[in-house]
Structure formats: structure tokens, C-alpha cells
Amino acid sequence: MATVTHLNHSSGTGPLLQVDGVSLEYRTPQHVVRATHQVSFDVHEADRFVLLGASGCGKSTLLKAIAGFIAPVEGEIRLDGRAIDAPGPDRIVVFQEFDQLPPWKTVLDNVAFPLLASRTLGRAEAVERAKHYIDKVGLTPFASAFPHTLSGGMKQRVAIARALAMQPRVLLMDEPFAALDALTRRKMQEELLALWDEVRFTLLFVTHSIEEALVVGNRIGLLSPHPGRLRAEINSHHFDLLSQGSAEFQQTTQRIHGLLFDDVAYSAPAQAAHAGLRHRQQTGSQRLSA
Amino acid sequence: MNAPLSPGQSLPPDPPVRPEFEHALPPLSPRAAERPLPWTQRIWQQDWLRRGLILVVLAFAWEVTARVQDNDLLFPTFLQTGKALLEGLAGGELLLRAGISIGVLLQGYAAGILAAFVLTTLAVSTRIGRDLLSTLTAMFNPLPAIALLPLALLWFGLGRGSLIFVLIHSVLWPLALNTYAGFQGVPETLRMAGRNYGLRGLRYVLQILVPAALPSILAGLKVGWAFAWRTLIAAELVFGASSGKGGLGWYIFQNRNELYTDRVFAGLALVIIIGLLVETLGFQTLERVTVRRWGLQR
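Described in the following lines is the structure provided in the data block. Every chain is numbered on its own, with residues counted from 1 as its sequence reads. Here the convention is simple: chains get letters from A, ligands get numbers from 1, in the order in which they are written. In keeping with the model being predicted, local features are shown solely for residues with a pLDDT of at least 70 and side-chain atom pairs are shown and tallied solely at 80 or more, while totals for entire chains, interfaces and linings include all residues. Only hydrogens and water are set aside; all other atoms, that is, all heavy atoms of the structure, feed into the side-chain values.

**Section: the pairing of strand β1 (residues 17-27) of chain A**
Residue and element names in this part refer to chain A. Note the following rule: At least two bridges found by DSSP between two strands is the condition for calling them paired. The way it works is that DSSP assigns letters per residue, a run of H or I at least four long becomes a helix, a run of E at least two long becomes a strand, and they are numbered from the N terminus.
Here β1 runs beside strand β2 (residues 32-43); their pairing, made up of eight bridges, is antiparallel. Across the sheet, residue R27 finds its bridge partner in β2, namely V32. The pairing of β1 with strand β4 (residues 74-79) spans five bridges and is antiparallel. Note on β4: the bridge partner recorded for Q18 is R78.

In C-alpha cells, the structure reads:
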């Protein structure tokens, strides 16, 4: 196991979000399935922390636990030192699915919705702040449009504006760009980074794309699958969209690939579900040894 | 996947390498991207025109059939019925009768909606509430409201109380079933988004579940309305006489006894007209400003 470097000492203040030995389980009619096993990591203020792993590594489940939708069976999740026990507006989630926007609310009402629902602001201030963030994501001309008239990318922009308007302690994004086409996804990544430069929110971002993780994050937690365990934490603050073709970027991509898929050979009994992964793992290690 | 080539087969030749090119794209006139439909197609898209046409055709068929039959007592013509209807409306009797019916109907309908809302809210929040709803609807939904009328008469006596009881019965179960089905169909992401903002309990139901399930709820309201209307007319036919002031059902029954068949038809026509008005002015307007506007329904 690689050594984990904590940056608490250098940054002065403690971590904002602590995931401490968290195990998560869910039930199927026949089994209790362990989604993550004793996962620990810290997220600091203004981090862009990415959880990266293949499907089935429990990264989305972990994000839902941080949002408060699932209670851990073991360990604890703390925000500002307090344990999380329920969903709350201090942790706003941007989901992958487009139906996260209530279709009966216009863009403006959608962005103002959490502010009003959580009774954070009065009507007038909520609308004011909503307008500000709609402007930030460039949707001012569409403020009175209903979600069904928007494209996928625009809907995700609304969801991001809605989350930012709430000014949450931590912004949770669950593969927010996975359902978008490649060109739109790239543009959204660019815009997200520009927004971060401007607002400096704390972001926890879940993805299964190594490239997206390297571009979006400043630090990446790698989760191995079945059940999800933290394989490594890697720094990626020096990469951006422009460094995608560089040799160092390629090298890090391959290193992550190796870290993610090496595990499968040891932990997997003969299971059909792993066949695809094992195949990719083989090609991955071939590439590494070459 | 490509099938492996058999040894004797030759590979197709490489495609030719063609020169590259770039076009400069001059701006197009706006008409090239979007142009209006011809006026005939635009007019034919109006709902009222197509539906009105259907009504005209039906009325014409009625008139012709009745004239061929030539029996005023059994089957008055469209024009005779229209005349009886206008006379009834002008004389005020039909309006009074319809007013009484609608008054009772609205009371029963409102009470049924309230009961359905309470029942489905219980059903989404607790497991025992869910069991209660499914058991009750399985028991009572197949039971015709009119079959409860004798019992209602025993309990509440002749008059308003009994009518409202059977009306609630006819509205409650279909509406509760539809509403609950709608609640269950609300996307998980939307539910999580609502809870994410700290919505719980009644606010969660009212701000997330009800609007998201509105297409199903509206369908339930429509079914409930139709059930209530037909239950009411049937119930009035049975005992409207003794309740002092009878509604439309009683008007139909009375005129049948006196063999004013054109007035019977006029009464039936008014039942249908009120149904059409509620459907087009009430429900369709409601759908247009809600579910259609929101893109929940085409």
C-alpha cells in the first residue's frame, strides 16, 4: 500500500470533510452486499477531490452516504467535525441524471428552489442570488424556460448553478457529465474549472474516466472494486485541459490504470462479472510492461 | 463482428485517397432554416375545429336517423331535443336542477379528493399506510357506488348525506389508486434532490411528489369526476323524488314517467354538455397550464 500523505500540518486548518473507516452495505433480496470497505480520506477546503474507480467500486454509494442518503454500517463521515446523519442543504448533490430538475419549475425557480425549500433566504433574495448564478453559467437568456426545452448540457448547467447558489460547504457531483456527448462534456469541464477559479468551492467529484479525474481534480482517490477500498491518493493539481496530450499526463493515466486494475487479479474469484475487467487489466499491464 | 474470411475469398481493395477540401459557408436567409406551415395545416391543428366537426357529424346522423324512425315518443330528433333543452334552460327549471346536482357533486368530489390525499400521503410515508391503501382499494374499488346506496339511505336517510357518501366512495378509490401509482413513478433522482434540500413530511409531498405525479393525479381526477357524475345521476334516478329538491337525474326520471321523451333527451344532453364543458374548460385548461407546459405530457 502506498503511503498516504496528510496535508493537515501544512494547511493550518483541519480537513473540511472526513471520511473515516466507512463501510457501506446495501441489501438485495438474497444478499447483503458490501459496497465499500473501510474507506478513509480527507477533503480540505477548496479541494477538487475526485473519487475514481471502475463501475461497482462503490464510489456513487460513497457519495450518497456523504450526502446523507445512506448510513454507514461502520465508520463515520464528518463535515466540519460533526457526524453526518441525514441529507442536508450544506451538501448539495449534482446528479448524472437530467431528471434531477423539477420539470414544473422554470430555470430561475429551479435555481431558487433549494434556497426557498431550506428556508435559507426569503423570496426576493433567493431570486436575486439565483439570477447571479444563472448568469455565471451563462443561462440568463433561458431563465424563464422550462427544463424540458433545454439540452442536456444546459440542464447540467442549471443543476450546477442551483448547487452553487446554495453555497454548500461541499459540492457533491455524481458523474455529472457522463450522460453528455464528448464535445459538451469537455466544454462543461472547462466551465466547471473556470467557476472554481472564480468561486473556490469545495468539490467532491465522482467519475469513472481517468482523463476527467486528472483534468477536474487536484487530488484523486482511487477505489478498487468489489467491495470498494481506497487503493491510492494521487495529486493531479498540475494537470488541466491543455495538458491532456502531454507525456506526463499519459504516464499518470497509465499509472492509475495499473493501480486500478492490478487489484482484480488478487481479489477476484472466478466470477463472470469480472471477466471484462480482467481482460482490460491484462491489456493494461501489457501496456505498462511495454 | 466480422465473420472470418474463407481462404479463397479476396479482400476488397483499399478505398481511393481523395483530395481534402474546405468550404467557406456563407450565411443563409432565415427562411431556409425555418418556415411556417401552410394555413390549412395550421387550422387543422386546432383541437376545437376537429372536435366540433365530430359533433356536427354526430348531430347530423342523429337528426337523419330520428327522421327515418319517425317516432317522437321513442326517439325525438336532434332539433326537437335542442328545442326542449333551450326551453328548459330559458324556463330556469333545467338550470335549477343542474345547479342542485352540481352543488352536491362538488361537495362529494372535494371530500373524496381530501380523503384520497390523506390516504396516499399515509401510504407514501409508512408501510402500514401502504398496506392499508392497497387492501382498501382492492376491497372497495370494484364495488359499484350505487350498490352502497341502500346502506347509505339506511345510515344517512334520504337526501344530501347519502348522495355525498356514495360520491366519496366513487371518487376516493380511483383517485387514490392513480395518485399512489403517480407517487411511485416519481424518479429517484428527483426524490433525492428534494430530500437534499431538507424537504420532509408534508412539504416533501406537496413540493415534490404531487407536482411530479400530476399527470397521474389528473388522470385520477378525471376518472373520479366521471364516476361521481354518473353515480350521482343514477342515485337521483333512484330516490331524488323524496329528497324534496331533485337534481338532473330526477328531472330525467320525472319526464320519462310523463312521457316527455324530448325532455328526457334534453336532460341527458345537459348531462353530456356539462361533462364536455368540465373536460374542455376544466381539465384541459388545467393540463395546458401544468403538465403540458412542463413537458410532463405531450
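**A closer look at the pairing of strand β8 (residues 203-207) of chain A**
Residue and element names in this part refer to chain A. Heads up, the rule is: Accessible area is worked out with a 1.4 Å probe on protein chains only. A residue is then buried under 20% of its type maximum, exposed over 50%, and partly exposed in between.
Across the five residues of β8, five count as buried, placing the element largely inside the fold. Residue alternation in β8 divides its side chains into two sets, L203, F205 and T207 and L204 and V206, and both sets are buried. Across five bridges, strand β3 (residues 48-52) lies against β8 in parallel orientation. Counterpart to R48 in the pairing with β8 is L203. Bridging between strand β7 (residues 170-174) and β8 involves four bridges; their strand directions are parallel.

**Some remarks on helix α4 (residues 78-91) of chain B**
All names here are of chain B. Note the following rule: A helix's residues, less one, multiplied by 1.5 Å, set its expected span. The arc in question is the one spanned by the directions pointing from the helix axis to the C-beta atoms. Pairs of residues are marked as contacts when any of their non-hydrogen atoms sit within 4.5 Å.
When the terminal C-alpha atoms of α4 are compared, their 20 Å separation across 14 residues agrees well with the 20 Å that a helix rising 1.5 Å per residue should span. The complete set of buried residues in α4 reads T81, A84, L85 and G88. On an axial view of α4, the arc spanned by its buried residues comes to 100°, and they lie on one face. Every exposed residue of α4 that faces more than 90 degrees away from the buried side is listed here: L79, K83, L86, E87 and A90. For α4, the elements touching its buried residues are α3 (47-69), α5 (93-125) and α13 (261-292). Following α4 by one or two positions, G92 adopts a phi angle in the positive range, close to 90°.

**Thoughts on the interface of chain B and chain A**
To be explicit about the condition: In this description, buried area is defined as the sum, over both parts, of the accessible area (probe of 1.4 Å) that is lost when the two are combined. Salt bridge criterion: a side-chain nitrogen from Lys or Arg within 4 Å of a carboxyl oxygen from Asp or Glu. Throughout this entry, Asp, Glu, Lys and Arg are counted as charged residues, while Ala, Val, Leu, Ile, Met, Phe, Trp, Tyr, Cys and Pro are counted as nonpolar. The remaining residues, Gly among them, count as polar.
Each partner contributes to the interface: chain B provides 21 residues, whereas chain A provides 26 residues. Buried surface at the junction of chain B and chain A, summed over both partners, amounts to about 2,100 Å²; 64% is from carbon and sulfur atoms. Across the contact surface, chain B and chain A share zero salt bridges. Counting residues per element, the ones that place at least two in the side of chain B that touches chain A are α9 (188-196) and α10 (201-212) of chain B. Per element, the largest residue contribution to the side of chain B that touches chain A is six residues, and it comes from α9(B). Class assignment for the residues of the side of chain B that touches chain A results in 11 nonpolar, five polar and five charged.

**Focus on the packing of α4(B) against α13(B)**
Residue and element names in this part refer to chain B. Worth spelling out the cut-off: Helix axes are fitted to C-alpha atoms over the stretch in contact, other axes to C-alpha atoms as well, and angles between N-to-C directions run from 0 to 180 degrees. Geometric relationships in this document are graded by angle, where less than 35 degrees denotes roughly parallel, more than 145 denotes roughly antiparallel, 65 to 115 denotes roughly perpendicular, and other angles denote oblique.
At a closest axis distance of 8 Å, the pairing of α4 and α13 adopts a crossing angle of 75°. Between α4 and α13, the angle falls in the class roughly perpendicular. Across the interface between the two elements, Q80, T81, A84 and L85 of α4 pack against D262, R263, F265, A266, L270 and I273 of α13. Of the residues assigned to the contact of α4 with α13, the class counts are six nonpolar, two polar and two charged.

**Remarks on the sheet that holds strand β9 (residues 219-224) of chain A**
Residue and element names in this part refer to chain A. As summarised here, the arrangement of the six strands in space is β6-β7-β8-β3-β9-β10, forming an open sheet in which the pairing is mixed. Whereas interior strands pair on both sides, the edge strands pair on one side only; in this sheet they are β6 (91-94) and β10 (229-235). Between one strand axis and the next, the sheet turns by 20° as a mean value, whatever way the strands run. Bridge count for β6 against β7 is four bridges, and the pairing is parallel. Across the sheet, residue I92 finds its bridge partner in β7, namely L171.

**Details of the layout of surface pockets**
All names here are of chain B. As a reminder of what qualifies: The definitions used throughout rest on a 1 Å grid laid over the protein atoms alone, on which a cavity is an enclosed set of points accommodating a 1.4 Å probe that cannot get out and a pocket is an open set flanked by protein within 12 Å on both sides along at least five of seven lines; lining residues are those having an atom within 4 Å of a point. Grid points are joined across faces, edges and corners, and a volume is the space filled by probe spheres set on the points.
Here the largest pocket is characterised by a volume of approximately 760 Å³. L55, A269, I272, I273 and L276 are, among the 23 residues lining the largest pocket, the residues nearest its centre. Of all the secondary-structure elements, those providing two or more residues to the lining of the largest pocket are α3, α4 and α13. For the lining of the largest pocket, the element with the highest residue contribution is α13, accounting for 10 residues. When its residues are assigned to classes, the lining of the largest pocket shows 15 nonpolar, five polar and three charged.

**Looking at the packing of α9(B) against α10(B)**
Relative placement of two packed helices is described by the angle separating their axes and the distance separating the axes. Residue and element names in this part refer to chain B. Note the cut-off: With the far helix as reference, a near helix turned anticlockwise by less than a right angle produces a left-handed crossing, and one turned clockwise produces a right-handed crossing.
Following both chains from N to C, one finds α9 and α10 inclined at 160°, their axes separated by 10 Å at the closest point. Judged on the interaxial angle alone, α10 and α9 are roughly antiparallel. In this structure, the crossing between α9 and α10 has a hand that is right-handed. Each of L190, R191, G194 and R195 in α9 lies in contact with α10, whose residues at this interface are Y204, I208, L209 and A212. Tallied by class, the residues present in the contact of α9 with α10 amount to five nonpolar, one polar and two charged.

**A closer look at unusual backbone geometry**
Residues and elements named next belong to chain A. The peptide bond linking H226 to P227 adopts the cis configuration, its omega dihedral lying at -15°. Checked against the element boundaries, P227 lands in the loop between β9 and β10. Located in the positive-phi region is Q167, a residue other than glycine, with phi close to 45°. In this fold, Q167 is placed in the loop between α5 (152-165) and β7. On the accessibility criterion, Q167 (46% relative accessible area) is partly exposed. Positive phi, close to 60°, is recorded for R200, a residue that is not glycine. Checked against the element boundaries, R200 lands in the loop between α6 (182-199) and β8.

**So, the pattern of salt bridges**
Residues and elements named next belong to chain A. Summed over all chains, the structure comprises 21 salt bridges over all chains. Between R169 and E45 there is a salt bridge, and its shortest N-O distance comes to 3.7 Å. Of this pair, R169 sits in the loop between α5 and β7 while E45 sits in the loop between β2 and β3, and the two are 124 residues apart along the sequence. Given the relative accessible area of 31%, R169 is considered partly exposed.

**Describing the side chain of T120(B)**
Inspection of the secondary structure assignment puts T120(B) in helix α5. What T120(B) contacts, discounting residues up to four positions off in sequence, is L133(B), A176(B), T179(B), Y180(B) and F183(B).

**Points about the packing of aromatic side chains**
Going by this rule: Side-chain rings of Phe, Tyr and Trp, where Trp is taken by its six-membered ring, are said to pair if the distance between their centres is within 6.5 Å; with planes under 30 degrees apart they count as stacked, over 60 as edge-to-face, and otherwise as tilted. As a reminder, the over-ring test applies to NZ of lysine and CZ of arginine, requiring each to be within 6 Å of the ring centre and within 35 degrees of the ring normal.
Considering all chains together, one arrives at 15 aromatic pairs over all chains under this definition. On the numbers, 4.8 Å between centres and 10° between planes, the contact of F41(A) with F49(A) is stacked. A single burial state applies to F41(A) and to F49(A), both of which are buried. Taken together, the aromatic side chains of W62(B), F75(B), F78(B) and F265(B) make up a single cluster linked through ring pairs. Against the face of W196(A) rests R48(A), its NZ or CZ located 4.2 Å from the ring centre.

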